[in-house]
Structures are given as structure tokens and as C-alpha cells.
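Coordinates in review
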Amino acid sequence: MDPALLREREAFKRRAMATPTVEKKAKTESTFAAPKDIKKAGRSACAPPKIDASNYKTMSGSSQYRFGVLAKIVKHMRTRHQDGDDHPLTLDEILDETNQLDIGSSVKTWLQGEALRNNPKIELTPDGRYLFKAVFKLKDGKSLMRLLKQHDLKGLGGVLLDDVQESLPHCDKVLKNRASEIVFITRPNDKKKILYYNDRTANFQVDEDFQKLWRSVTVDAMDDAKIDEYLEKQGIRSMQDHGPKKPLLPKRKKIQNKKRQFKKPRDNEHLADVLETYEDNTLTQSNAVQEIKQNN
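Residues numbered from 1 in each chain as written. Predicted model: local features only at pLDDT ≥ 70, side-chain atom pairs only at ≥ 80, totals over all residues. Heavy atoms only, no water.

1. Looking at the overall build of the protein chain
- In terms of helices and strands, the protein chain carries 11 helices and 5 strands.
- Split into buried and exposed, the 296 residues of the protein chain put 17% on the buried side.
- Long-range contacts, defined as pairs at least 24 residues apart, comprise 54% of the intrachain contacts of the protein chain with a sequence gap of at least 6.
- Looking at the protein chain as shown, the accessible area adds up to about 26,400 Å², and 53% of this sits on carbon and sulfur atoms. (Helix = DSSP H or I, 4+ residues; strand = E, 2+ residues; numbered from the N terminus. Buried < 20%, exposed > 50% of the residue type's maximum accessible area, 1.4 Å probe, protein only. Contact = heavy atoms within 4.5 Å. Areas by Shrake-Rupley, 256 points an atom, 1.4 Å probe, with all protein chains shown as cover.)

2. Focus on the nonpolar core
- Membership of the largest hydrophobic core comes to 20 residues, with the highest contact counts inside it found for Leu70, Ile73, Met77, Ile103, Leu111, Leu116 and Tyr130.
- Elements with a minimum of two residues in this core: helix 3 (63–82), helix 4 (91–97), helix 5 (105–118) and strand 2 (130–132).
- Those residues in contact with Leu70, other than ones at most four positions away along the chain, are Trp110, Leu111, Ala115, Leu116 and Asn119.
- In terms of nonpolar packing, the next biggest core, distinct from the first, is built from 15 residues, Leu138, Val159, Leu168 and Leu175 among them. (Core = buried A, V, L, I, M, F, W, Y, C linked by side-chain atoms within 4.5 Å.)

3. Considerations on the sheet that holds strand 5 (residues 193–197)
- Pairing is antiparallel in the open sheet, where 3 strands are placed in the order 3-5-4. Each of the sheet's edge strands pairs with one partner strand only, and the pair in question is strand 3 (159–160) and strand 4 (182–186).
- In the sheet, strand 3 pairs with strand 5 via 2 bridges, with the strands oriented antiparallel. Each residue of the ladder has a partner; that of Val159, found in strand 5, is Leu195.
- Lying over the sheet, helix 6 (residues 141–154) contacts strand 3, strand 4 and strand 5, oriented at roughly 85 degrees with respect to strand 5. (Pairing = 2+ DSSP bridges. Axes fitted to C-alpha atoms, helices over the stretch in contact; angles between N-to-C directions.)

4. A short note on the confidence of the model for the protein chain
- Predicted confidence across the protein chain gives a mean pLDDT of 75, with 66% of residues reaching 70 or more.
- Within the model, the stretch residues 30–34 combines pLDDT values under 50 with 1 contact to residues more than four positions away or in other chains.
- Ignoring residues within four places in sequence, the model shows residues 48–60, a span with pLDDT below 50, making 14 contacts including any to other chains. (pLDDT = per-residue confidence, 0-100.)

5. Some remarks on helix 6
- In this model helix 6 runs 20 Å from its N-terminal to its C-terminal C-alpha over 14 residues, within 8% of the 20 Å that 1.5 Å per residue would give.
- Within helix 6 the residues assigned to the buried category are Gly141, Ser143, Leu144, Met145, Leu147, Leu148 and His151.
- Taken together, the buried residues of helix 6 touch strand 3, helix 7 (161–167), helix 8 (171–177), strand 4 and strand 5.
- Residue Gly155 follows helix 6 closely and has a positive phi angle near 70 degrees. (Expected span 1.5 Å × (residues − 1).)

6. Notes on the pattern of salt bridges
- Here the structure, examined in full by the defined rule, presents 9 salt bridges.
- Here Lys121 ties to Glu166 by a salt bridge, and the two come within 2.7 Å at their closest N and O atoms. With Lys121 in the loop between helix 5 and strand 1 (122–124) and Glu166 in helix 7, this residue pair connects regions lying 45 residues apart in the sequence.
- For Glu166, a relative accessible area of 14% gives the class buried.
- In this structure, Glu181 and Arg178 form a salt bridge, with 3.5 Å as the shortest nitrogen-oxygen distance. (Salt bridge = Lys/Arg side-chain N within 4 Å of Asp/Glu carboxyl O.)

7. Quick look at unusual backbone geometry
- At Asn99, a residue that is not glycine, the phi angle is positive and equals roughly 60 degrees.
- Locating Asn99 in the fold gives a position in the loop between helix 4 and helix 5.
- Here Asn99 falls in the exposed class, since its relative accessible area comes to 65%.
- With a phi close to 55 degrees, His170 is a non-glycine residue in the positive phi region.

8. Observations concerning a negative patch on the surface
- There is a patch of like negative charges on the surface, built from Asp83, Asp85, Asp86, Asp96 and Glu97.
- Relative to the helices and strands, Glu97 is located in helix 4.
- A residue is classified by how much of its surface remains accessible, and Glu97, at 40% relative accessible area, is partly exposed. (Patch = residues over 30% accessible without salt bridge, like charges linked within 9 Å, V, L, I, M, F, W, Y side chains within 5 Å. Lys, Arg positive; Asp, Glu negative; His and termini not counted. Charge placed at Lys NZ, Arg CZ, Asp CG, Glu CD.)

9. Considering the layout of surface pockets
- Each pocket or cavity is described by its volume, and for the second largest pocket that value is around 360 Å³.
- In terms of lining, the second largest pocket is formed by 15 residues, of which the most central are His81, Asp86, Phe132, Lys137 and Leu138.
- Along the lines of polarity and charge, the residues of the lining of the second largest pocket split into 6 nonpolar, 3 polar and 6 charged. (1 Å grid on protein atoms, 1.4 Å probe; cavity = no way out; pocket = protein on both sides within 12 Å on 5 of 7 lines; lining within 4 Å. Points joined across faces, edges and corners; volume = space filled by probe spheres on them. Nonpolar A, V, L, I, M, F, W, Y, C, P; charged D, E, K, R; others polar.)

If you want it as C-alpha cells, here you go:
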């Protein structure tokens, strides 16, 4: 063996012996977890799962998700009714047409047992199917004109255009074909259109002189009291029974001051004769005493 290597080996041993070292004992693995580790494990096991903010709206249990599903169903049922599809559908068919077959069982139970059954825009058939429940049952232009005639004859006024558009399939086409039989009036307070039946039998020709007089009279700045006063001056009394009547205040009854009548006691009614004779005797005796005093 090379003597140089031996010398290096001996030098290394001397340096190693001169350097102080601390011996570390190896830790024995315990079979039981430390108390801190047990607490951490228990907390992690009992902690609820974290809610993802991006996935919150699509959770099957949230009320916002439920009502979103219901609104989509009602909107689809209205659209198919306006397109002329009036045959009823089951819940599975509705969910298939609205692409909502992935909803949970709890939401499906809620739709079938409560939401669709109590919705004012959904009608439940006897065989358990669903239809859109419109304001009026209209199928074509004839049914629309029949409705407007009934409102005109009974004095019920007009019908909202929004209700007709919701109830009548292919509404725009029907209104275009029946435009000559319907009168459209825009309501001033909310700018909604009202439909009236155009009764051609009530049409008559008005003389131009009357039209000029009618247009020349302006009553915008006059109230009802001034109009009544003007009519009275002109000798017109036919308008007194028309218009809003003022409520009559009930008249107050006058309280009559009645004199109090003192009732005589009824305890000694059986001694009435005795009392009268006693009063007569006392009066005669008092009169006799007064005459004696005057004579003396």
C-alpha cells in the first residue's frame, strides 16, 4: 500500500478525533398520533366542504337556482302556446325541451308537487300533464271578435293588448287581418294599448255645424262647479242627475231635553186609602187651628 495514502488516513483520524460532536438519538416511531395531530385530523374530517363562488348559482339546493328553473319553464310554455302548440306536456318532456334534464331530484320533486301546481300561469290536466294558462282562451280571430263583442254588449270596456298577445296564437297576423273590426286606443297613464270592438251600427254622420260648435267649446280650465253654473244660467237642467254625486253626510239627531219624572214608590200601594183619609184629617185639623188663632 502507498505510504502517502497511509499518512493521509492517519491525519484524517487525528482531525476527526479532535473535532467535538454531539450524538443524536434516533426517535422511536410511536403507534399513536400526538394530541395535536388528532385534533387536526378531527377538524379536517368534520369541516364542511368549501363552497365554490363560481358554482354557487348552479347548486341544486339554492332557491335562486330553483326559481331560475321555474322561470325558464314558464317562459317556454308561453312561447310554445303563442306558436300554436296547445297539447299538454309531462314534466320530463318540459325539462327535455328546456335542456334541464340535469336538475336534482329535490328540485324535480319541488316542481312537480308545489311550484308548477300552484303557478298561476300553468294549468294541470287530469292526466298529470301541464299546459300554459292564458288570461283568455283564444284560438283564432273568431274567438277574439267574440270576446270583444261580449265586452261591448255587457259594458265591460276594452281588452289589454298584452293579454291578447299572451293568449292568442299568431297574434300579430290575426290583428292585421282584423284591423278594420277593432279600435285601438292608447291609455294615457301607462301608454298601454286597449282593444275595443268596432261597432259599425253606431256610426252616423254628424253635421259640420255641430262639429264646429263642439270643437269651439273648451272646458279644460273649468271644473264641474263652473260647468253646472253655466248650464243653470242657460236654463239646461238635464245634466243634474249625471256625473259623480257628492256623498251626503248623515244628519245628526237632536238630543231632546226631557224632564225627569220621579216615580212614586210602589211599596205602600195597599195603604193608599188609609193615607188619603189621614191627609184629609190633618188638613181639617190644621185649618181649625188657624181659625181659632184668628178669632182670639
